[in-house]
Amino acid sequence: MDVLVIGAGQAGLAAGYFLKRRGLDYRLLDAGAAAGGAWRHGWESLTLFSPAAQSSLPGWPMPPTPGGGYPPRDAVIAYLTAYEARYALPVQRPVQVTAVRRAAEGLRVEAAEGAAWTARAVISATGTWSHPFVPQVPGREAFAGRQIHSARYRRPADFAGQSVLVVGGGNSGAQILAEVSRHAARATWVTERPPVFLPDDVDGRVLFDRATARWQAEREGRPAPPPLGGLGNIVMVPPVVEARARRVLHSLPPFARLEAAGAVWADGSRVAAEAIIWCTGFRPALDHLAPLGLVEADGRVRVSPEGQALAEPRLWLLGYGDWTGAASATLAGVTRAARAVVAAILP
Ligand code: FAD
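These notes cover the structure that comes with them. (Residues numbered from 1 in each chain as written. Predicted model: local features only at pLDDT ≥ 70, side-chain atom pairs only at ≥ 80, totals over all residues. Heavy atoms only, no water.)

Backbone torsion omega between R93 and P94 reads -5°, so that peptide bond is classified as cis. Within the secondary structure, P94 sits in the loop between β3 (91-92) and β4 (97-103). One non-glycine residue, A88, lies in the positive phi region at around 45°. Positionally, A88 belongs in the loop between α2 (73-86) and β3. (Helix = DSSP H or I, 4+ residues; strand = E, 2+ residues; numbered from the N terminus.)

Once that is clear, we can look at helix α1 (residues 10-22). Given a rise of 1.5 Å per residue, 13 residues ought to cover 18 Å, and the 19 Å separating the end C-alpha atoms of α1 matches this to within 8%. Most of α1 is tucked away: 10 of the 13 residues are buried. Against the buried residues of α1 lie β1 (3-6), β2 (26-29), α2, β3, β7 (121-124) and α6 (331-344). G23 sits one or two residues past α1 and shows a positive phi near 75°. (Expected span 1.5 Å × (residues − 1). Buried < 20%, exposed > 50% of the residue type's maximum accessible area, 1.4 Å probe, protein only. Contact = heavy atoms within 4.5 Å.)

Not every one of the 28 residues close to the ligand is listed here, only the nearest: D30, A38, F49, A329 and L331. Here A38 contributes a backbone N or O atom positioned 2.8 Å from an oxygen atom of the ligand. Here the ligand has 990 Å² of accessible area as a free molecule, and 85% of this is covered by the chains. Of the residues contributing to the shell around the ligand, the split by class is 16 nonpolar, 11 polar and one charged. (Near = heavy atom within 4 Å. Polar contact = N/O pair within 3.5 Å; in protein donor to acceptor, adjacent residues only side chain to side chain. Areas by Shrake-Rupley, 256 points an atom, 1.4 Å probe, with all protein chains shown as cover. Nonpolar A, V, L, I, M, F, W, Y, C, P; charged D, E, K, R; others polar.)

So, on to the nonpolar core. Counting 67 residues, the largest nonpolar core has V3 and I123 as its most contacted members. Excluding its chain neighbours within four sequence positions, the residues that come into contact with V3 are L19, L24, D25, Y26, R27, A119, A121, I123, I345 and L346. If you look at the next biggest cluster of nonpolar residues, it comprises 23 residues, including L29, V97, L292 and V303. (Core = buried A, V, L, I, M, F, W, Y, C linked by side-chain atoms within 4.5 Å.)

What follows deals with the pattern of salt bridges. All chains considered together, the criterion is met by 17 salt bridges. Across the salt bridge formed by E110 and R108, the nearest N and O atoms sit 3.0 Å from each other. A relative accessible area of 17% places E110 in the buried class. Classification of R108 by relative accessible area gives partly exposed; the value is 36%. The salt bridge partner of R244 is D200, with a shortest N-O separation of 2.8 Å. Of this pair, R244 sits in helix α5 (residues 238-245) while D200 sits in the loop between β10 (186-190) and α4 (204-219), placing them 44 residues apart in sequence. Accessibility expressed as a relative area gives 39% for R244, which makes it partly exposed. (Salt bridge = Lys/Arg side-chain N within 4 Å of Asp/Glu carboxyl O.)

So, in structure tokens, the structure goes:
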């Protein structure tokens, strides 16, 4: 086989589209029970923060959302499911890849189910969802209440009447605080730095346009326009705008430690809590690459601008964040990164 793609979320599918057009012999392996990648696990009210027209994979635009607005997560799952079928992409699931090893004819890919394949090149597109990150906080084990990561958060009614700490100052933290604060007895937002809110008229589409302008300028050696804000800055989606009107969008700095009944700050102040929702981000899901010995202490792999692993030229990484291509972790941005990988793979 020419190419194995590990992961068939939006990044893997975009790679599949270009591999098919190049006429290569390829296959995608995916651990999920069905199509949709990380979108299958998002919370119930999650929407994109760009309109459908700006959230499309290569070849086929995402259908517009009935009634306008940003597509809800179910619409993204339906789009990814239909996309996979439309291009008859050869996805095998569920297949949990456990190891990628060097072999005489290429890279050997092993799965938990006992199967193994060898390919001349491998594209790893496993995303970050399966690796939620929670910071080391003194006393975390002592806390008597419930702790969940945003990866497992589903709906605000699960916290009705409770005192809840929402930790994290990105889009997940802001959106979850916005809806939990309508149901909880008390919702306290804790962020490492003061949260950065984007102007109301800036959504994912504007962020992507600005990231593209910067990418083009850098390629052409021109001075890059200033960033409008990182993808971690908070997009003012309608629930967050509504929370601002209720005056709940203020945050406390990080607490010093947890105790059984809640959080304690350095000045001795305390907030009692029955639950903590950690909205503290994700790390690349790269356990399967451990046998290659190229995952660095920061959890990443050193790659070329096209995503080729510097220490293993038969391995390519796609969709994990700006380090694998500008805006490659978004629907709109992954096309450019996937096209570059497939153009350069197996010259
Ligand atoms: P995933 O979607 O995670 O797909 C990876 C696939 O690989 C999965 O199907 C998984 O099962 C499989 N896999 C993992 N490990 C293995 C393994 N070892 N073996 C086999 N298969 C494996 N993006 C946008 O474009 N627009 C937005 O508006 C937007 N909003 C967001 C809002 C929030 C709150 C969050 C958290 C994210 C948002 N994103 C948005 C980002 C987007 O959800 C992810 O970045 C995107 O899903 C990443 O796609 P991916 O294909 O790289 O990974």
